[in-house]
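Now for the letters of each chain:
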Amino acid sequence: MTHDSSSTAPKGTYALVSLGCPKNLVDSERMAGLLRLDGYQLVPEPEGADFVVINTCGFIADARQESCDAIRDMLQLKRRGKLRGVIVAGCLAERQREALLEQYPDIDQLLGVFAREEIAKAANRLLGGLDEQHTLFQPAPTHALPDNDRLRITPRHLAFLKIAEGCNRVCSFCAIPQMRGPYTTKPVEQVVAEAQELAADGVRELVLVAQDTTFYGLDLYGRPALARLLAELDQVEGLDWIRLMYLYPMHISDELIDVLAGARRILPYLDIPLQHVNDEVLRRMRRAVSRAETEQLLQRLRDRIDRLVLRTTMIAGFPGETDAQFQELLHFVRQQRFPRLGAFAFSPEPGTPAAELDGQVPARIGRRRRDLLLKTQQQIAFDWNAAQVGQRLDVMIDQKISEQPNAFVGRTWADAPEIDGVVYVTGDNLAPGHLVSCEIVATRAYDLIGVALEAAR
């Protein structure tokens, strides 16, 4: 984790624990930026800091457990006198609110998702010993919050950029709208300005995120505006790669495909979470898309975008899913051969319609189906990797391998950070943030092994 070094004596020191998705990471970086502006210094370890900020995830049971574990660990440090205070923020705080304080009464300050702008106020109250208020919650904003002035904790050459907040979808299995409110588009000009700020700060790869990227613009402009946004971002000097995540299959128009196909900086990598393919399961999921529409979309994308790599996610064991419907999903995965695919076993989320549906599939069957999906996908991914051997591919260097001379870890255009595989690169005079042409010489499970062919750029 990077830390902030300030030339003047800091108002206080704090550590940051950021959990969950890249959208949460942007919130964490924004809070760190606001704390820096108020005179606080970020340090790499919580032990010995004045306080810790835990930005929690509340998406699914495993994520909530991880957040609770982090809270317990930090409160234990506080009880041992190694930490003065604990601030808990983000999605779990938003979802459980005062119930979280009842469970962990030692939490000093609790901030909901949209109270992130108040983080310095919460820190000031904590260090000032003001005990009259322990919670800060704000209604979902009518305009997208700004994400500039961030203190980034990603590598310098990589940044996530949130283009919208919230979600208007009504997927029956998802609790995100309860935590993050309705969809609010960040205006094109604001996104471009933030991208320019990030490029000036050394960012070469920009990863665009939202709960639903293709809905972008509908609430603000009355029509989808992702194509317009991407056309402008494609002109931002300093950026080399622009990567798109979380594209709901609706609203992928011919205009958008044209922009993707003709762009200089936008990678031919699309993350399109499909969740399932059987029409009855899709209807119960409230996905508002059919198998036929999905197949037509995938064909259009593959026909028109060179070197396209598709990533998707699937849910196994959704309520009512029969053996035949799961076999249909399995056959679809074998047929479509997505280079990148993640699979999850359905888990009922409290407060969502899917938790109340009839035909709940036993958890062990859901897990077995998920494992079968992943085993099927493994061979597809390995075959895709094998086809890269002998190819010459650009690789973005992310880090040096310690204690190994001239050894580095990077990614191709086909690999999103923290999600997909990596490339182990051997080469001279390389450093994180370099883009280098490599010959792929071997595979290692989901990863590739490459040799740099020329000087980095």
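As the structure is a computational prediction, the values presented were derived from the model and not from experiment. Position labels on residues start from 1 in each chain and follow its written sequence. Per-residue local features are limited, in this predicted model, to residues with pLDDT of at least 70; the limit for side-chain atom pairs, both in listing and counting, is 80 or more; totals at the level of whole chains, interfaces and linings are taken over all residues. Remark: hydrogens and water are excluded; side-chain values derive from all non-hydrogen atoms of the structure.

Draft legend 1. Fine view of the overall build of the protein chain. Secondary structure counts use DSSP, requiring at least four H or I residues in a row for a helix and at least two E residues in a row for a strand, with both numbered from the N terminus. Within the protein chain, the secondary structure is distributed over 14 helices and 19 strands. Computation of the radius of gyration draws on C-alpha atoms alone. For the globule rule, the value is 2.2 Å times the number of residues to the power 0.38. Relative to a compact globule of 457 residues, whose C-alpha radius of gyration would be 23 Å, the protein chain shows 23 Å and is just as compact. Across its three principal directions, the C-alpha atoms of the protein chain cover 60 × 60 × 45 Å. Counting the 457 residues in the protein chain, one finds 57% classified as buried. Long-range contacts, defined as pairs at least 24 residues apart, comprise 75% of the intrachain contacts of the protein chain with a sequence gap of at least 6. Between the mean site of the 53 positive side-chain charges and the mean site of the 62 negative ones, the protein chain shows a separation of 2 Å. Per-residue accessibility, obtained with a 1.4 Å probe over protein chains only, is compared with the maximum for each type, and a residue is labelled buried under 20%, exposed over 50%, and partly exposed between these values. Should any heavy atoms of two residues lie within 4.5 Å, those residues are counted as being in contact. Counting rule applied: Lys, Arg positive; Asp, Glu negative; His and chain ends not counted. We put the charge of a Lys on NZ, of an Arg on CZ, of an Asp on CG and of a Glu on CD.

Draft legend 2. Examining helix H7 (residues 188-200) more closely. By this rule, a helix spans an expected 1.5 Å times one less than how many residues it contains. Taking 1.5 Å per residue as the helical rise, H7 with its 13 residues ought to reach 18 Å, and the 18 Å between its terminal C-alpha atoms agrees with that figure. What H7 keeps buried is the set Val-188, Val-191, Val-192, Glu-194, Ala-195, Leu-198 and Ala-199. Projected down its long axis, H7 carries its buried residues within an arc of 160°, all on one side. For H7, the exposed residues lying more than 90 degrees away from the buried face are Glu-189 and Ala-200. Following H7 by one or two positions, Gly-202 has its phi on the positive side, about 100°. An arc is given here, and it is the one of the directions from the helix axis to the C-beta atoms.

Draft legend 3. Geometry of the pairing of strand S10 (residues 205-209). Of all five residues in S10, five are buried; the element is thus mostly enclosed. Of the two faces of S10, the one lined by Glu-205, Val-207 and Val-209 and the one lined by Leu-206 and Leu-208 are each fully buried. For two strands to be treated as a pair, DSSP must find at least two bridges joining them. In the sheet, strand S7 (residues 158-162) pairs with S10 via five bridges, with the strands oriented parallel. When the sheet's bridge partners are listed, Leu-158 is paired in S10 with Glu-205. Here S10 pairs with strand S11 (residues 241-244) via four bridges, running parallel. Its bridge partner being in S11, Leu-206 is matched across the sheet by Ile-242.

Draft legend 4. Just the packing of aromatic side chains, in detail. Pairing of aromatic rings covers Phe, Tyr and Trp, the last through its six-membered ring, and needs centres within 6.5 Å; plane angles under 30 degrees mean stacked, over 60 mean edge-to-face, and all others mean tilted. Under the definition given, this model contains eight aromatic pairs. An aromatic cluster is built from Tyr-14, Tyr-40 and Phe-51, whose rings are joined through pairwise contacts. The criterion is that NZ of a Lys, or CZ of an Arg, lies within 6 Å of the ring centre and within 35 degrees of the ring normal, and then a charge sits over that ring. When the ring centre of Phe-137 is taken as origin, the NZ or CZ atom of Arg-97, which lies over that ring, is 4.2 Å away.

Draft legend 5. Seen up close, the nonpolar core. Leu-230, Leu-233, Leu-270 and Leu-301 are the most contacted members of the largest nonpolar core, which totals 57 residues. Looking at this core, the element that brings in the most residues is H7, giving six residues. Within this scheme, the nonpolar core is defined by two criteria: the residues are buried Ala, Val, Leu, Ile, Met, Phe, Trp, Tyr or Cys, and they are joined through side-chain atoms within 4.5 Å. Formed by 52 residues, the second largest nonpolar core is a distinct cluster that contains Leu-42, Leu-127, Leu-136 and Leu-430.

Draft legend 6. Representation of helix H10 (residues 254-262). Residues Leu-256, Ile-257, Val-259 and Leu-260 constitute the buried set of H10. Buried residues of H10, viewed axially, fall in a sector of 160°; they line one side. In this structure, the buried side of H10 is in contact with helix H9 (226-233), S11, strand S12 (266-271) and helix H12 (291-304).

Draft legend 7. Local environment of the side chain of Arg-116. Looking at where Arg-116 falls in the secondary structure, it is placed in the loop between strand S5 (109-111) and helix H5 (119-127). Of note is the side chain of Arg-116, whose polar atom sits 2.7 Å from the side chain of Asp-27. Polar contacts, as counted here, are pairs of nitrogen or oxygen atoms within 3.5 Å of one another; within protein the pair requires one atom able to donate a hydrogen and one able to accept it, and residues that are adjacent in sequence qualify only if both atoms are side-chain atoms. At a separation of 2.5 Å, a polar atom in the side chain of Arg-116 contacts the main-chain carbonyl oxygen of Pro-146. Apart from residues lying up to four places away in sequence, Arg-116 is in contact with Asp-27, Arg-30, Met-31, Leu-34, Leu-145, Pro-146, Asp-147 and Lys-162.

Draft legend 8. Inspection of the layout of surface pockets at higher detail. Approximately 320 Å³ is the volume found for the second largest pocket. Method remark: on a 1 Å grid restricted to protein atoms, a set of points is classed as a cavity if a 1.4 Å probe fits but cannot get out and as a pocket if it is open with protein on both sides within 12 Å along at least five of seven lines; lining residues have an atom within 4 Å of a point. Arg-264, Ile-266, Leu-267, Pro-268 and Arg-307 are, among the 17 residues lining the second largest pocket, the residues nearest its centre. Mapped onto the lining of the second largest pocket, the elements with two or more residues apiece are H10 and S12. Sort the elements by how many residues they give to the lining of the second largest pocket and S12 lands first, with three residues. Tallied by class, the residues present in the lining of the second largest pocket amount to 10 nonpolar, no polar and seven charged. Grid points are joined across faces, edges and corners, and a volume is the space filled by probe spheres set on the points. Each residue receives one of three labels: charged for Asp, Glu, Lys and Arg, nonpolar for Ala, Val, Leu, Ile, Met, Phe, Trp, Tyr, Cys and Pro, and polar for the others, Gly being one of them.

Draft legend 9. Spatial organisation of the pattern of salt bridges. Counted as salt bridges are all cases of a side-chain nitrogen of Lys or Arg within 4 Å of a carboxyl oxygen of Asp or Glu. In the structure shown here, the tally under the stated rule is 44 salt bridges. A salt bridge links Asp-201 to Arg-152, with the nearest nitrogen and oxygen atoms 3.0 Å apart. Of this pair, Asp-201 sits in the loop between H7 and S10 while Arg-152 is found in the loop between strand S6 (135-136) and S7, placing the two residues 49 residues apart along the sequence. Shared partners join several salt bridges into a network, and the residues in it are Asp-27, Arg-30, Arg-116, Glu-117, Asp-147, Lys-162, Glu-165, Arg-180, Lys-186 and Glu-194.

Draft legend 10. How the structure looks around the environment of Ala-416. Locating Ala-416 in the fold gives a position in the loop between strand S16 (407-411) and strand S17 (423-426). Classification of Ala-416 as buried rests on a relative accessible area of 1%. When residues no more than four places from it in sequence are discounted, the contact partners of Ala-416 are Arg-243, Met-245, Tyr-269 and Arg-411.

Draft legend 11. Looking closely at the state of the cysteines. We call a pair of cysteine sulfur atoms a disulfide when they lie within 2.5 Å. Using the criterion set out here, one finds zero disulfides in the structure. The thiol sulfur of Cys-68 is not disulfide-bonded, and the nearest other cysteine sulfur, from Cys-57, lies at 11 Å. A residue is classified by how much of its surface remains accessible, and Cys-68, at 10% relative accessible area, is buried.

Draft legend 12. Layout of unusual backbone geometry. The backbone of Asn-406 shows a phi angle near 60°, a positive value even though the residue is not glycine. Tracing the sequence through the fold places Asn-406 in the loop between strand S15 (392-400) and S16. Residue class for Asn-406 comes out partly exposed when judged on its relative accessible area of 33%. Unusually for a residue other than glycine, Asn-429 sits at a positive phi of about 55°. Topologically, Asn-429 is positioned in the loop between S17 and strand S18 (435-444).

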